[in-house]
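Each chain is listed here by its residues.
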Amino acid sequence: QVQLVESGGGLVQPGGSLRLSCTGSGSAFSNVVMGWYRQAPGKQRELVARISSSKSTRYAESVKGRFTISRDNTKNTVYLQMNSLKPEDTAVYYCNAGKSWATRGDYWGQGTQVTVSS
């Protein structure tokens, strides 16, 4: 069983930055594929970024060059650094954990709201 707790959301102006954190419980965190997904009102949940246990990464086209996912296995934590934020980045961001690189994992955090607005 993996429990995930996110933090770091909030209100930011367009062009600003935020860093999200997700801390997981469990002894095998370093072997788990971690990801960030987001869901805007009226839209499906979509992949933002993923990072493997070996720190390979994958990004949605819409965030490439602006967002960076990273992990610190000593702290059981994955981060999402978000720069040059746009209003269309507004969503609830969810941390995700699982065993497979091919599919989203089974474990979710509670979500953290990110609002980009002037």
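Everything here concerns the structure above.
Residues numbered from 1 in each chain as written. Predicted model: local features only at pLDDT ≥ 70, side-chain atom pairs only at ≥ 80, totals over all residues. Heavy atoms only, no water.

Brief notes about unusual backbone geometry
Consideration 1: Phi at Lys55 is positive, roughly 75 degrees, even though this residue is not glycine.
Consideration 2: Locating Lys55 in the fold gives a position in the loop between β5 (46-51) and β6 (57-59).
Consideration 3: The backbone of Asn76 shows a phi angle near 55 degrees, a positive value even though the residue is not glycine.
Consideration 4: Tracing the backbone shows Asn76 in the loop between β7 (67-72) and β8 (77-82). (Helix = DSSP H or I, 4+ residues; strand = E, 2+ residues; numbered from the N terminus.)

Focus on the environment of Gln44
Consideration 1: Topologically, Gln44 is positioned in the loop between β4 (33-39) and β5.
Consideration 2: The exposure class of Gln44 is exposed, given its relative accessible area of 71%.
Consideration 3: Apart from the residues lying within four places of it in its own chain, the contact partners of Gln44 are Arg38 and Gln39. (Buried < 20%, exposed > 50% of the residue type's maximum accessible area, 1.4 Å probe, protein only. Contact = heavy atoms within 4.5 Å.)

Describing the pattern of salt bridges
Consideration 1: This structure, assessed with the given rule, holds four salt bridges.
Consideration 2: A salt bridge links Glu46 to Arg38, with the shortest nitrogen-to-oxygen separation between them at 2.8 Å.
Consideration 3: The shortest N-O distance in the salt bridge between Asp89 and Arg66 comes to 2.8 Å. Taken together, the residues Asp89 in the loop between β8 and β9 (91-98) and Arg66 in the loop between β6 and β7 connect sequence positions 23 residues apart. The two residues Asp89 and Arg66 agree in class, both being buried.
Consideration 4: Sharing partners across several salt bridges, the network here consists of Arg38, Glu46, Arg66 and Asp89. (Salt bridge = Lys/Arg side-chain N within 4 Å of Asp/Glu carboxyl O.)

Some details on the sheet that holds strand β1 (residues 4-7)
Consideration 1: Read across the open sheet, the four strands follow the order β1-β3-β8-β7; overall the sheet is antiparallel. At either margin of the open sheet sits one strand with a lone partner, and together these are β1 and β7. Between one strand and the next, the sheet's axes are offset by a mean angle of 15 degrees, whatever the strand orientation.
Consideration 2: Summarising the sheet, β1 and strand β3 (residues 18-24) pair through four bridges and their orientation is antiparallel. Directly across from Glu6, in β3, lies its bridge partner Cys22. (Pairing = 2+ DSSP bridges. Axes fitted to C-alpha atoms, helices over the stretch in contact; angles between N-to-C directions.)

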